[in-house]
2 protein chains.
Amino acid sequence: MPVTIKDLSKTLGVSRSTISKALNDRPDVSPDTKTRVLQAAHDLGYQPSAAARNLRRQRTNKIGLVVTYPIHRVSDFLSELIPGMATVAEEAEYNLILYTSMVGSEERIQNLCRSREVDGIIIAWPPRQSETVALSQLLTDEDVPHIFLPRRVPHDDISYVAADHVQGARQLTQHLIALGHRRIGFERLPEVYETDDDRHAGYTQALRQAGIPYDASLVVSADSQDDDYERRSFDVFQALDEPPTAILFFTDPLAIRALSHAKAHCIRVPQDLSIAGYDGIPSSGVTEPALTTVRQATSKMGVLAVESLLKLITDGGAEPQQHILPVELIVRQSTAVPWKGSA
Amino acid sequence: MPVTIKDLSKTLGVSRSTISKALNDRPDVSPDTKTRVLQAAHDLGYQPSAAARNLRRQRTNKIGLVVTYPIHRVSDFLSELIPGMATVAEEAEYNLILYTSMVGSEERIQNLCRSREVDGIIIAWPPRQSETVALSQLLTDEDVPHIFLPRRVPHDDISYVAADHVQGARQLTQHLIALGHRRIGFERLPEVYETDDDRHAGYTQALRQAGIPYDASLVVSADSQDDDYERRSFDVFQALDEPPTAILFFTDPLAIRALSHAKAHCIRVPQDLSIAGYDGIPSSGVTEPALTTVRQATSKMGVLAVESLLKLITDGGAEPQQHILPVELIVRQSTAVPWKGSA
DNA sequence: TGTGCTTGCGAAATCGATTTCGAAGAGGTT
DNA sequence: AACCTCTTCGAAATCGATTTCGCAAGCACA
């Protein structure tokens, strides 16, 4: 049986209230009894019961990390996210609880909040925009502070932390334009998310600024369900009358697979074709050639999300927290000046 | 204010006890009242308070994942571990709580256990053997089920899940021997862990079986603190009278850095030198050449650890859970028949 | 009608800590 | 001596659910 406050009370001959006050550093305890209590607590190995404390305080000092997406699809991202999040949380005496089987289940999130086992939640990979707004409303009704990550939510009252993908895609495209590319392919996702729209917007902005007309045939949708789609989309690009001299891929893994398909087609990268990824995963740095990509400040996003959430938890009246972090262009060897042979 | 069992009791005109029994499917409730209670609970959006339930049941349905190692050093490993762990836990209605700032702090782990905020813990990257045994004793005294991961603990009473690194290193060495290598370098870690001993044992076993004498000059210790050590250890190998024709590295990242150092020294891999890694991280598959390595069943280890822990939690008298999982040799392009030029 | 048994329900205790509120005692002032 | 203030402490209520135990009603049977 663990040592309870009752045991302490008995051995010291002091009431439970006084013990509690001494341990919580309340003013109405004499310095003498306080030290006696602390000493005894240490000697007996007393540690307050988390459950009892939570019940009384109506607070758990736990933050829920709710992953509303098949977790194996985002574990790379999570591994960059979690260390920062956990560290910041623990500095504030909070811990992270993982809820990963929450795919598309608004109701389960609601139940989680109603059971009050966390003081606030971070919702990683929220659903489409309309559902996100509805979900946020639900959580607001339950009075549970929450933050969406890592996608922006176009709504003034909703807190989120995201990366500036408009800027990222624009910089990447500008980089290619500066190298001399005019026909730049863009492989986007079929799912309609803000992230995708943002990157597409960045891509078109850069083209417009450079006076390059938008060519719809250069934009294809990757089918994330189909592992071999990559090869076929590659063929689609190559089959064009005037194939692109550079291709932007929505994520690094897509770009890495494109790299090996290029090799299989005897297309040299970057001499014959420039390839760029997005996300800056570790693997992108060790390919041959190393991948030009855009690095999101993933770790920082996690840190910021926790900090913002803590602010919302601590200060009930706090403003919605909205952060869009800049991203960083990483130029490596997979992009270069286009070959002028056919031009 | 959230809906409590009291509210339900009031609106239904039924005692709290009966509500509780109905919700927990106890036998002494009539089918009629049970449906009425369930209906009302649903209508009012009632969800039992986790804190109150935990306090009363003396059980939290939470598993602690305690990381006793600088988390950014192991986040890759964690990202493979966590999805499986979380999934299995959640199927059994448990959740994972992360405790990452537990580096070298036996006392904080003890306090965690005393506060009873988890029903059991998984200790990732336990300290040295002697400390591990002491820690296990401490947790046993507190009556908290626990499992060590991912290192074996040479002690009959202690539960752990680990990978068979003796087998892994032996297979890797045998693979090189089969290719014709006789002088095989081995870069181990300076820290004295079972893992390291195991791999070294596998290495020497393979040599012995092949009748190749052990040459201590072929075994160097990497200094994990020093990022540039890799380059110097590489020089150490090259400066030998008879340099190795193949080198085993303790981890993939070390091998990947060696790959680029080799390139800088104009040493071709695998023609001039075979290089092998260990762990099978994603990056190891996209290097040029792709790395021969050994893949641990990391995800499976996480799953097994949670399953074992749940067994210990559920069945107090369960045997210690000890699992050593086989590892898988992955032969890729960084190892090949040695060049006979100088032989 | 009286006895025995089953079924369904509720009063009250309990889990362990926190907090409110009142009281006792010490010390000072008039 | 009467009154006040300040410090220190403890009794009791509270957080919300679960569980034990006893009671009452209903039914069957002699």
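Q: Describe in detail a positive patch on the surface, supporting the description with residues and values.
A: All names here are of chain A. A cluster of like positive charges, contributed by Arg-26, Arg-53, Arg-57 and Arg-59, occupies part of the molecular surface. Its place among the elements puts Arg-26 in the loop between helix H2 (16-23) and helix H3 (31-44). Residue class for Arg-26 comes out partly exposed when judged on its relative accessible area of 48%.

Q: So what's going on with the packing of aromatic side chains? Which residues, and what values?
A: Summed over all chains, the structure comprises 6 aromatic pairs over all chains. Here the aromatic rings of A:Phe77 and A:Trp125 are separated by 5.0 Å at their centres, their planes lie at 75°, and the arrangement is edge-to-face. You can see A:Phe77 sitting in helix H5 (residues 75-91) and its partner A:Trp125 sitting in the loop between strand E3 (120-124) and helix H7 (129-141), a full 48 residues away along the chain. A relative accessible area of 15% places A:Phe77 in the buried class. With a centroid separation of 6.4 Å and 75° between ring planes, the pair formed by A:Tyr203 and A:Tyr214 is classed as edge-to-face. Placement of A:Tyr203 in helix H9 (residues 194-210) and of A:Tyr214 in the loop between H9 and strand E7 (219-221) is noted, with a sequence separation of 11 residues between them. Judged by its relative accessible area of 1%, A:Tyr203 falls in the buried class. Linked through ring pairs, A:Phe186, A:Tyr203 and A:Tyr214 together constitute an aromatic cluster. A cation over a ring is seen here: A:Arg199 above A:Tyr278, with NZ or CZ 3.7 Å from the ring centre. Taking NZ or CZ as reference, B:Arg199 lies 4.1 Å from the ring centre of B:Phe250, over its face.

Q: Explain the sheet that holds E7(A) residue by residue, including any values.
A: All names here are of chain A. With parallel pairing, the 4 strands of this open sheet are ordered in space as E7-E6-E8-E9. The open sheet terminates on both sides in strands that have one partner only, identified here as E7 and strand E9 (274-276). On average, each strand axis in the sheet is tilted by 15° relative to the strand beside it, whichever way the strands run. Sheet topology places strand E6 (residues 184-188) next to E7; 3 bridges connect them, and they run parallel. Within the sheet, the bridge partner assigned to Phe-186 lies in E7 and is Val-219. Here H9 sits on the sheet and contacts E6, E7 and strand E8 (246-249); the angle it forms with E6, its principal contact strand, is near 170°. Contacts from helix H11 (residues 252-264) reach E6, E8 and E9, with the element oriented near 155° to E9.

Q: I'd like to hear about the protein's contact with DNA strand D, residue by residue, with values.
A: Surrounding DNA strand D, one finds 29 residues, the nearest of these being A:Lys21, A:Arg56, B:Ile5, B:Arg26 and B:Arg56. Within 4 Å of the protein, atoms of DNA strand D come from sugar and phosphate in 59% of cases. Side-chain polar atom of B:Arg26 to a phosphate oxygen of DNA strand D: 2.7 Å apart, as the coordinates give it. The contact in question runs from a phosphate oxygen of DNA strand D to an N or O atom on the backbone of B:Ser49, over 3.2 Å. Broken down by secondary-structure element, the contributors of at least two residues to the surface near DNA strand D are H2 and helix H4 (50-57) of chain A together with helix H2 (16-23) and helix H4 (50-57) of chain B. In terms of residues, the surface near DNA strand D owes the most to one element, H4(B), which gives 5 residues. Its residues placed into classes, the surface near DNA strand D shows 8 nonpolar, 13 polar and 8 charged.

Q: Break down the domain arrangement of chain A for me, with residues and values.
A: Interface extent is often summarised as the accessible area lost during association of the parts. Here chain A is partitioned into domain 1 (5-44), domain 2 (59-163 + 298-325) and domain 3 (165-296 + 329-341). For domain 1 of chain A versus domain 2 of chain A, the distance between C-alpha centres works out to 38 Å.

Q: Talk me through the relation of the copies chain B and chain A; I want residue IDs and the actual numbers.
A: Overlaying chain B on chain A yields an RMSD of 0.1 Å, the required transformation being a rotation through 180° with an accompanying axial translation of 0.0 Å. What the superposition gives is, in effect, a two-fold axis relating one chain to the other. Interface residue correspondence from chain B to chain A reaches 100%, placing this contact among same-surface, isologous pairings.

Q: For the interface of chain B and chain A, give the residues involved together with the corresponding values.
A: Taken together, the contacts link 39 residues of chain B with 39 residues of chain A. Summing both partners gives a buried area of about 3500 Å² for chain B against chain A, and 61% of it is carried by carbon and sulfur. If you look at where chain B meets chain A, you find 4 salt bridges. Between B:Glu288 and A:Lys263 there is a salt bridge, with its nearest N and O atoms 3.0 Å apart. Seen at the junction of chain B and chain A, the total is 17 residue pairs in polar contact (both at pLDDT 80 or more).

Q: Can you break down the protein's contact with DNA strand C residue by residue, with the values?
A: Of all residues adjacent to DNA strand C, which total 28 residues, the nearest are A:Ile5, A:Arg26, B:Thr18, B:Lys21 and B:Arg56. Of all DNA strand C atoms lying within 4 Å of any protein atom, the proportion belonging to sugar or phosphate reaches 59%. With respect to DNA strand C, the side chain of A:Arg57 contributes an N or O atom lying 3.2 Å from a phosphate oxygen. Elements represented by at least two residues in the surface near DNA strand C include exactly H2 and H4 of chain A together with H2 and H4 of chain B. The greatest single-element share of the surface near DNA strand C, amounting to 5 residues, is contributed by H4(A).

Q: An account of the side chain of B:Ser75 is needed here, citing residue identities and associated values.
A: Inspection of the secondary structure assignment puts B:Ser75 in helix H5 (residues 71-91). Its relative accessible area of 13% is what places B:Ser75 among the buried residues. Every residue in contact with B:Ser75, bar those within four places of it in the chain, is listed here: A:Ser79 and A:Pro83.

Q: Describe the pairing of strand E4 (residues 146-149) of chain B, naming the residues involved and giving the relevant values.
A: Burial of the side chains of E4(B) extends over both faces: B:His146 and B:Phe148 are buried on one face and B:Ile147 and B:Leu149 on the other. The parallel pair strand E3 (residues 120-124) of chain B and E4(B) is bridged by helix H7 (residues 129-141) of chain B, and the resulting crossover is right-handed.

Calculation notes
Residues numbered from 1 in each chain as written. Chains lettered and ligands numbered in written order. Predicted model: local features only at pLDDT ≥ 70, side-chain atom pairs only at ≥ 80, totals over all residues. Heavy atoms only, no water. Patch = residues over 30% accessible without salt bridge, like charges linked within 9 Å, V, L, I, M, F, W, Y side chains within 5 Å. Areas by Shrake-Rupley, 256 points an atom, 1.4 Å probe, with all protein chains shown as cover. Salt bridge = Lys/Arg side-chain N within 4 Å of Asp/Glu carboxyl O. Lys, Arg positive; Asp, Glu negative; His and termini not counted. Charge placed at Lys NZ, Arg CZ, Asp CG, Glu CD. Helix = DSSP H or I, 4+ residues; strand = E, 2+ residues; numbered from the N terminus. Buried < 20%, exposed > 50% of the residue type's maximum accessible area, 1.4 Å probe, protein only. Phe/Tyr/Trp six-rings, centres within 6.5 Å; stacked < 30°, edge-to-face > 60°. Lys NZ or Arg CZ within 6 Å of the ring centre and 35° of its normal. Pairing = 2+ DSSP bridges. Axes fitted to C-alpha atoms, helices over the stretch in contact; angles between N-to-C directions. Contact = heavy atoms within 4.5 Å. Near = heavy atom within 4 Å. Polar contact = N/O pair within 3.5 Å; in protein donor to acceptor, adjacent residues only side chain to side chain. Nonpolar A, V, L, I, M, F, W, Y, C, P; charged D, E, K, R; others polar. Domains from an automatic or database assignment. Least-squares fit on C-alpha atoms with pLDDT ≥ 70 in both. Buried area = accessible area lost by both parts, 1.4 Å probe. Right-handed = clockwise from strand over helix to strand, strands pointing away.

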